[in-house]
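# Summary of the model geometry
The primary structure of each chain is shown beneath.
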Amino acid sequence: MQRAVSAWWAAAAAVFLVLSTLLGLALGPVDLGLGAVTREVLSHVPLLGVETPFSGTEDAILWELRAPRVALGLLVGAMLAAAGASYQGVFRNPLADPYLLGAAAGAGLGATLVIAYDVGGDGGLDLRPIAAFAGATLGVAVAYLLGRSVGGRETTTLILAGVTVAAFFTALQTFVQQRNAETVQEVYSWILGQLETSGWTDVLVVLPYVAVSAVVLLWHRRLLDVLAVGDDEAASLGVPVARVRLLVVAAATLGTAAAVAFSGLIAFVGIIVPHAIRLMVGTSYRAVLPLSLAFGAGFLILMDLVSRTVIAPAQLPIGVVTAFLGAPFFAVVLRTTRTVGP
Amino acid sequence: MLAVEGVGVELDGVQVVQELAFDLEEGGWLGLIGPNGAGKTTLLRAVAGLVPYAGSIRIQGEEVAALGRRAAARRVAVVPQIPVIPPDTSVLEYVVLGRTPHLGYAGTPGARDVVAARSALARLDGAHLVDRRLGSLSGGERQRAVLARAVAQDASLLLLDEPTSALDVGAQQQVLELVASLRADGGLTVLSAMHDLTHAGQYADRLLLMDGGREQASGPPHEVLTEQLIARHFGATVRIVADEETGIAVVPLRPGVESEQPVP
């Protein structure tokens, strides 16, 4: 059998990731120049003897403003794409995305509560990420426990439980939002997503969650292939199906919750990135998962680049950009390749 | 090799299998026959360790319920009635899935597993199918891939749940001949639920007739395939044609219509 990820695709993923990172670092209200950024980055590599072309201000723009934002985009994009791919595998449902089991509704409720009641605002402490993280985790936990307690066909019941929890949390969120109409604008822009960071701290908070989640998901990539033949046959092949599903859902949820806590509810990435990869390289999760991490990261960095440059100095919510540019791109991929299911 | 004693299975409060007992010797082929809803599939699932059961099911002396999932999958391979076919998976990738119980929890298949999968396909005359997508196969080719996956699993007991129900008569025969040859040259033991009574009589060396979750008759085909038993349990009017040359055939007749005697 061929290797899971061909050398060609591994190289393409690496090139795409490096290029989008350099573009993300170079472009913005101040154009730092692609070559200059490359030289600056290389100047930090010992023994190469490359001199930095940057002044103190440019250095600060690059490392204090842009780099954390690019790094956050990388983590969030990788996480959402990998979580989407994993959800699609574990639920054998092409429409599954990281928000399927109530993560988005929970995060939305958490963030809305904090924004509407201005919790922690006086102390200058931003509690939105913590509230969003807690809400997302709680939403999925409730959906999972509800689904498991019902029994029956597990994937279908879990999805229905997720729909139920999401509807309930969304109702609460809408209620809170209506009662505090003056904060609607702020809530709305949080929901559409943004990668505004307060520097490296956010990145360092998200990093461990995404790293652990990515490791667990990658670790299960072959088992996701086995689940493609259904719970029953997977069990007859010796796979502890319920445990695999729980571990994958838990890992994808923690990573997603950490990501959305800082990025808001960026839609669509978890669906189009894994599907575009499937259309191009095939359905085996041994290829889809690692490539989703790489292409998801690069994709979100580029989308963020568009969101902060196209109407500069104002910014477009990144969720609008991912859907506006991602949808036509996906339509083209869909038209030019054969149909492939998850 | 397989010893079933006093086995009962309850699903949603309904006793689907009751007091079932039989032994199956190494290399034997036991055919389960019976009307729809007789409990054949449930019995197979119990033997594979996929549903909880009362009583005892031992494979090579070991209680199935006490074996872990992986250990059970190394002893018993299942060919389900309607396998889930991921259409874009290649035949080779699909057959390699059969190696799962021989890999660690998160292990990936190595060269040896690929060799095992290829040789399983070759044994089933399916070597030419390796690179095809499952979605592009005919019914018979697909069933060959599913059988190859079970063979790659390298288990000593093969459970078949109506393995030929969606196939034309030629493909049915091919699949059953393949199973017979696996049994002959691999020492595989076969337990199969079978819809076609003629095939059941031709391929299995013993039959067990189930109805209402219980054993109604068992023994060599000519003792179980009788016009009376088939009328009672299937509600079917049949004629049994048996001779030295053709073996046994179950021919359905239209009830109430006198069959025309062939003009000599």
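Calculation notes
Residues numbered from 1 in each chain as written. Chains lettered and ligands numbered in written order. Predicted model: local features only at pLDDT ≥ 70, side-chain atom pairs only at ≥ 80, totals over all residues. Helix = DSSP H or I, 4+ residues; strand = E, 2+ residues; numbered from the N terminus. Rg over C-alpha atoms; globule rule 2.2 N^0.38 Å. Contact = placed C-beta atoms within 7 Å. Pairing = 2+ DSSP bridges. Axes fitted to C-alpha atoms, helices over the stretch in contact; angles between N-to-C directions. Core = buried A, V, L, I, M, F, W, Y, C linked by C-beta atoms within 7 Å. Buried ≥ 20, exposed ≤ 12 C-beta atoms within 10 Å, placed from the backbone. Parallel < 35°, antiparallel > 145°, perpendicular 65-115°, else oblique. Left-handed = near helix turned anticlockwise from the far one by under 90°. Nonpolar A, V, L, I, M, F, W, Y, C, P; charged D, E, K, R; others polar. pLDDT = per-residue confidence, 0-100.

## Thoughts on the overall build of chain B
The helix and strand tally for chain B stands at nine helices and twelve strands. Over its C-alpha atoms chain B spans a radius of gyration of 19 Å, differing by no more than 12% from the 18 Å that the globule rule assigns to 264 residues. For chain B, the spread of C-alpha atoms along the principal axes amounts to about 60 × 45 × 35 Å. Excluding contacts between residues fewer than 6 apart, the proportion of contacts in chain B whose partners are at least 24 apart in sequence is 63%.

## Considerations on the overall build of chain A
Scanning chain A from N- to C-terminus turns up 14 helices and zero strands. Ordered by position in the sequence, the α and β elements of chain A form the string α-α-α-α-α-α-α-α-α-α-α-α-α-α. For 342 residues, the compact-globule estimate of 2.2 N^0.38 gives 20 Å, and chain A sits close to it at 20 Å.

## A look at unusual backbone geometry
Despite not being glycine, Arg92(A) has its phi angle at roughly 45 degrees, a positive value. As for its position among the elements, Arg92(A) is in the loop between α3 (56–91) and α4 (103–116).

## Quick word on the sheet that holds strand β2 (residues 14–24) of chain B
Residue and element names in this part refer to chain B. Read across the open sheet, the four strands follow the order β2-β1-β4-β5; overall the sheet is antiparallel. In this open sheet, the two edge strands, each paired with only one partner strand, are β2 and β5 (62–63). Judged from the seven bridges that link them, strand β1 (residues 2–11) and β2 form a sheet pairing that is antiparallel. Among the inter-strand pairings, Val-7 is bridged to a residue of β2, identified as Leu-20. Running over the sheet, helix α1 (residues 40–47) touches β1, β2 and β4 (54–59) and is turned about 65 degrees from β2.

## Re the pairing of β4(B)
Residues and elements named next belong to chain B. The pairing of β1 with β4 spans five bridges and is antiparallel. The residue bridging Ala-3 from the neighbouring strand is Arg-58, located in β4. Two strands pair when backbone bridges link them, and β4 and β5 are joined in this way by two bridges, in the antiparallel orientation. Residue pairing in the sheet places Ile-59 in a bridge with Glu-62 of β5.

## Digging into the nonpolar core
One recurring pattern in soluble globular proteins is that nonpolar side chains are buried together. By size, the foremost hydrophobic cluster in this structure holds 185 residues, and its most contacted members are Leu75(A), Val76(B), Val95(B) and Leu159(B). Looking at this core, the element that brings in the most residues is α3(A), giving 18 residues. Ignoring any residue separated from it by four or fewer positions in sequence, one finds Val76(B) in contact with Val47(B), Ala48(B), Ile59(B), Ala155(B), Leu157(B) and Leu159(B).

## A short note on the packing of helix α5 (residues 139–152) of chain B against helix α6 (residues 169–186) of chain B
All names here are of chain B. Closest axis-to-axis distance for the α5/α6 pair is 9 Å, and the angle between their directions is 20 degrees. By the criterion of interaxial angle, the relationship of α5 to α6 is roughly parallel. Our pair here, α5 against α6, has a crossing hand that is right-handed. Contact with α5, carried on its side by Gly-139, Gly-140, Gln-143, Leu-147 and Val-151, involves Ala-171, Gln-174, Val-175, Leu-178 and Leu-182 of α6 and no other residues of that element. Each residue belonging to the contact of α5 with α6 can be placed in one class, and the counts come to six nonpolar, four polar and no charged.

## Regarding the environment of Ala60(A)
Residues and elements named next belong to chain A. You can see Ala-60 is positioned in helix α3. Given 12 C-beta atoms within a 10 Å radius, Ala-60 is considered exposed. Residues Ala-60 and Val-244, 184 residues apart in the sequence, show an inter-C-alpha distance of 45 Å.

## Quick notes on the interface of chain A and chain B
Taken together, the 23 residues of chain A in the interface contact 23 residues of chain B. When residues of the side of chain A that touches chain B are traced back to their parent elements, those giving at least two are α9 (221–227) and α10 (230–236) of chain A. At five residues, α10(A) tops the list of elements feeding residues into the side of chain A that touches chain B. Here the residues of the side of chain A that touches chain B are counted per class, giving eleven nonpolar, eight polar and four charged.

## Here we look at α1(B)
An α-helix turns once every 3.6 residues. As a result, residues three or four positions apart point the same way. All names here are of chain B. Counting buried residues in α1 gives eight out of eight residues, a clear majority hidden from the surface. Regarding α1, the residues found buried are Lys-40, Thr-41, Thr-42, Leu-43, Leu-44, Arg-45, Ala-46 and Val-47. Trailing α1 by a residue or two, Gly-49 shows a phi angle of about 80 degrees, which is positive.

## Some remarks on the packing of helix α12 (residues 269–281) of chain A against helix α13 (residues 285–309) of chain A
All names here are of chain A. For the pair α12 and α13, the least separation of the axes is 9 Å and the interaxial angle reads 125 degrees. Taken together, the axes of α12 and α13 are oblique relative to one another. In this structure, α12 crosses over α13, and the sense of that crossing is right-handed. Taking contact as the criterion, the partners of Val-269, Val-273, Pro-274, Ile-277, Arg-278 and Val-281 in α12 are, on α13, Ala-287, Val-288, Leu-291, Ser-292, Phe-295, Gly-296, Phe-299 and Leu-300. Residue composition of the contact of α12 with α13, grouped by class: eleven nonpolar, two polar and one charged.

## Quick look at the sheet that holds strand β9 (residues 206–211) of chain B
All names here are of chain B. Spatial strand order, β6-β7-β8-β3-β9-β10: six strands in an open sheet with mixed pairing. At either end of the open sheet lies a strand with only one pairing partner, and these are β6 (76–79) and β10 (214–219). Neighbouring strand axes in the sheet, compared pairwise and without regard to direction, differ in orientation by 15 degrees on average. Pairing analysis gives four bridges linking β6 to strand β7 (residues 157–161), with the strands arranged parallel. Note on β7: the bridge partner recorded for Ala-77 is Leu-158. Its contacts with the sheet put α1 on β3 (29–33), β6, β7, β8 (189–193) and β9, and the angle it makes with β8 is roughly 145 degrees. The strands that α5 touches are β6 and β7; relative to β6, the one it contacts most, it runs at about 170 degrees.

## Examining the pairing of β9(B)
Residues and elements named next belong to chain B. With four bridges joining them, β3 and β9 adopt parallel strand pairing. Each residue of the ladder has a partner; that of Leu-30, found in β9, is Arg-206. The pairing of β9 with β10 spans five bridges and is antiparallel. Residue pairing across strands places Leu-207 opposite Gly-219, the latter belonging to β10.

## Observations concerning the confidence of the model for chain B
For chain B, per-residue confidence averages 91 on the pLDDT scale, and residues scoring 70 or more make up 97% of the total. Both confidence scores are given for the complex: pTM 0.89, ipTM 0.91.

## A closer look at the environment of Ala83(A)
All names here are of chain A. Turning to its location among the elements, Ala-83 is positioned in helix α3. In sequence terms Ala-83 and Ile-272 are 189 residues apart; their C-alpha atoms lie 12 Å from each other. When neighbours within four sequence positions are excluded, Ala-83 is seen to be in contact with Pro-98, Ala-252, Gly-255, Thr-256 and Gly-270.

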